Every structure is written in C-alpha cells, then in structure tokens.
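Coordinates in review
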Amino acid sequence: MGSVAARAGKGFSERLSDFAETVQYRRIEGEADREAVFRLRYEAYVREGTIPISFERRFADKYDELPNVWIFGAYIDGELASSLRVHVATPEHPLSPSVDVFPDVLRPEIEKGRTIVDPTRFVAHPAIARHYPELPYITVRLGFLASEYFRADLGLASVRVEHQAFYKRVFLMNPLCEPRRFPKLAPLFSLMGVNYPSVKERIIQRYPFMQSTPAELEELYQRGDRNLADVIPLELRVPAEAHIVGKRPDLNSPLAGAVRRRRDGVLHRRRDIGSRLPERAKAAN
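Reading the values: the criteria
- Residues numbered from 1 in each chain as written.
- Predicted model: local features only at pLDDT ≥ 70, side-chain atom pairs only at ≥ 80, totals over all residues.
- Heavy atoms only, no water.
- Helix = DSSP H or I, 4+ residues; strand = E, 2+ residues; numbered from the N terminus.
- Polar contact = N/O pair within 3.5 Å; in protein donor to acceptor, adjacent residues only side chain to side chain.
- Axes fitted to C-alpha atoms, helices over the stretch in contact; angles between N-to-C directions.
- Parallel < 35°, antiparallel > 145°, perpendicular 65-115°, else oblique.
- Contact = heavy atoms within 4.5 Å.
- Nonpolar A, V, L, I, M, F, W, Y, C, P; charged D, E, K, R; others polar.
- Core = buried A, V, L, I, M, F, W, Y, C linked by side-chain atoms within 4.5 Å.
- Buried < 20%, exposed > 50% of the residue type's maximum accessible area, 1.4 Å probe, protein only.
- Left-handed = near helix turned anticlockwise from the far one by under 90°.
- Pairing = 2+ DSSP bridges.
- Phe/Tyr/Trp six-rings, centres within 6.5 Å; stacked < 30°, edge-to-face > 60°.
- Lys NZ or Arg CZ within 6 Å of the ring centre and 35° of its normal.
- pLDDT = per-residue confidence, 0-100.

Along the polypeptide, Trp 70 turns up in strand β2 (residues 69-76). C-alpha separation for the pair Trp 70 and Tyr 221, spaced 151 residues apart in sequence, amounts to 7.6 Å. In terms of polar contacts, Trp 70 uses its side chain to reach the backbone carbonyl oxygen of Tyr 221, at 3.4 Å.

Attention now goes to the packing of helix α7 (residues 135-149) against helix α10 (residues 214-221). The relative placement of two packed helices is expressed as an angle between their axes plus a distance between the axes. Running from N to C, α7 and α10 cross one another at 100°; their axes reach a closest spacing of 10 Å. Looking at the two axes, α7 sits roughly perpendicular to α10. Residues Arg 141, Leu 142, Leu 145, Ala 146, Glu 148 and Tyr 149 of α7 pack against Glu 216, Leu 217, Glu 218, Leu 220 and Tyr 221 of α10. Grouping the amino acids of the contact of α7 with α10 by side-chain chemistry returns 7 nonpolar, no polar and 4 charged.

Before going further, it helps to spend a moment on the nonpolar core. Phe 144, Tyr 167, Phe 171, Met 210 and Tyr 221 are the most contacted members of the largest nonpolar core, which has 46 residues in total. Examining the composition of this core, we find that 9 residues originate from one element, α7, more than from any other. By size, the runner-up hydrophobic cluster in this structure holds 31 residues, among which are Val 37, Tyr 45, Ile 71 and Val 123.

The next subject is the packing of α7 against helix α8 (residues 164-171). The contact between α7 and α8 brings their axes to 12 Å, and the two run at 65°. Where α7 crosses over α8, the handedness of that crossing is right-handed. Here Pro 136, Tyr 137, Val 140 and Phe 144 of α7 come into contact with α8, specifically with Phe 166, Tyr 167, Arg 169, Val 170 and Phe 171. The residue makeup of the contact of α7 with α8, split by class, is 8 nonpolar, no polar and 1 charged.

Time to look at the pairing of strand β5 (residues 154-160). Counting buried positions over the 7 residues of β5 gives 7, a clear majority of the element. Strand direction decides the pairing type here: strand β4 (residues 116-124) and β5, joined by 2 bridges, are parallel. Within β5, the residue paired with Val 117 across the bridge is Gly 155. Both β5 and strand β8 (residues 188-195) contribute to a ladder of 7 bridges, which runs antiparallel. Opposite Val 159, over in β8, you have Ser 190 as the bridge partner.

Take the side chain of Arg 41 next. Topologically, Arg 41 is positioned in helix α3 (residues 31-48). By relative accessible area, which is 0% here, Arg 41 ends up buried. With near-sequence residues (within four places) excluded, Arg 41 lies in contact with Phe 59, Ala 60, Asp 64, Ile 71, Arg 85, Arg 121 and Val 123.

It is worth spelling out the environment of Phe 171 at this point. With respect to the helices and strands, Phe 171 occurs in helix α8. Phe 171 sits in the buried class, given a relative accessible area of 7%. Here Phe 171 is in contact with Val 140, Phe 144, Val 194, Val 199, Ile 203 and Met 210, once residues within four sequence places are set aside.

All right, on to the packing of aromatic side chains then. All chains considered together, the criterion is met by 18 aromatic pairs. Aromatic rings pair up to connect Phe 12, Tyr 137, Phe 144, Phe 166, Tyr 167, Phe 171, Tyr 196, Tyr 207 and Phe 209 into one cluster. Across the ring face of Tyr 75, the terminal group of Arg 26 is positioned such that the distance to the ring centre comes to 3.8 Å. Looking at Arg 223, its charged tip hangs above the ring of Trp 70, at a distance of 3.8 Å from the centre.

For the rest of this paragraph, the subject is the side chain of Arg 121. Turning to its location among the elements, Arg 121 is positioned in strand β4. Looking at Arg 121, its side chain comes within polar contact range of the side chain of Asp 61, at 2.6 Å.

Okay, the confidence of the model for the protein next. Counting all residues, the mean pLDDT for the protein is 81, and 75% of those residues have values of 70 or more. Confidence drops under pLDDT 50 across residues 226-285; counting only partners more than four residues distant or on other chains, this segment forms 125 contacts.

Here it is in structure tokens:
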C-alpha cells in the first residue's frame, strides 16, 4: 500500500520514470521463456475474445521464427508481466506481420529502401497490469527503442481500433488506411504509423523515460551473429533528421518526406541489418 501511496503523490511522467527502474527487459530466446510468452499471449487473447479456446493453451505463429524478429518480456520481481514482439522490415528482410496484412501501404516504402519497425503481440498479465497502470507505456517503449537502434524511417503500431487513441497520444501516430483483420485474430486492427525521425524529440520531451543509452540499446538489440566492426556507435551517429532532404516532412503525414543516407563515410553509413540477423531455420506453424 505504501508504494501505491507514494506513486499517487507524483506526476504521471515521474511515475513512469520511477516504474521503468523496477522493470527488467529480457530478450526471449530460450525455449522455456518462449513458451511462457506464448502462454501469456494465449491467456490474454482468450480473455479479450481475440482467439477461441485451444487445447494447446499457447499462441505462436510463423512470424516468431523469422530472422528479423526480436521477442521481449518485461519482468517485475522476476515475474513475466508483459511481452512485445518487434520485427524490423528492410529490403533485405521485408517480411513482418503488418507488411503481410497491409502490403499495399508498406511494401512500396520498403522498396524505396526504408526501414520499418513493426511491433506486434503486445500482451500483459491482467493482475499485474491492474496494479501498475504504467505497464503499457513501459512495454511499448521497446518498439520506440528499436526505431532508435535501427534508425527507422517508419514506426508502426497495428492495434485494435479502440486502442488508436493511446498510440496517437504517446507516439503521435495516425491511421494509414482502413482497419483490417490479421490471420487467426477476430478484431479489426488499425495500421498506425509515424515518420520516426520527425517526432522522436517531441516524444522524449513529453515522456523522458523513453530516452535510452547506447548500452541499453546494444543489450536489447545486439545479437552475437553480427560483425561488431560494422556497428556505428550511437554517440557518433549523425542525427536521423540530417538525412532528410528536400521539404521537411509533415508531422501529420507519416509517409511523407524522401529519405536517403550517404555512404561516403562511417558516420553516414547505413547499417545493414542483414549482417546481424541470425540464419535461423524458419518453422511454418
């Protein structure tokens, strides 16, 4: 009760920052951890009426096996509180859940050489989520961090229609097309997106807990299969805004603005995501 009272006396932004210090992010790779996440997904989706009851009591799909996927768990006191899956779609690795459901909107962006961060499968433990209203913010932060680490051009959120307001408020996203259905899921999902470089600083200014460090980003997204000589240290990078040419992108038009990156020096070199993605065998579920 004391911790609840202490949180009540602080502003929401301060509570978010404090709560973030109590949460441990874990990249889900071991089979036991993966099964725990798949069970959490199943329980959350059945509770919401998103999927029917299944004897297996787990929910996974072929996208969990792609080489450009990162699955995360957020833990509080060692207990799995929530999970998020992140795909990074590029010309070298163009597959992701949202790209397949909204190909007419997203494939042209990939063909232009743009990097898209596609977070999906956000689920939370119901009891923990009720106790900690800050949990959704801390969980979706993982997608924001991916956009920073991979220098995304377009950040996405494929969410239930009734959740659009949250993503518009936090990430300044707008719907990119009419809602559609994902395979195996009952509700309609809205594809929301934003030009990440154009809103990054505004989001951090409003929600300081979104800020990260090179060490945190490397811990979350660096994998042992990439050549460290090809990594550009975050502190040496040219800000993403420096790569936008021509007219400054309209903040209300996430797909606006031509983006290009120079390759004539290490500070401008676009990092090849393909060089650091594992050649994991794809399992068709």
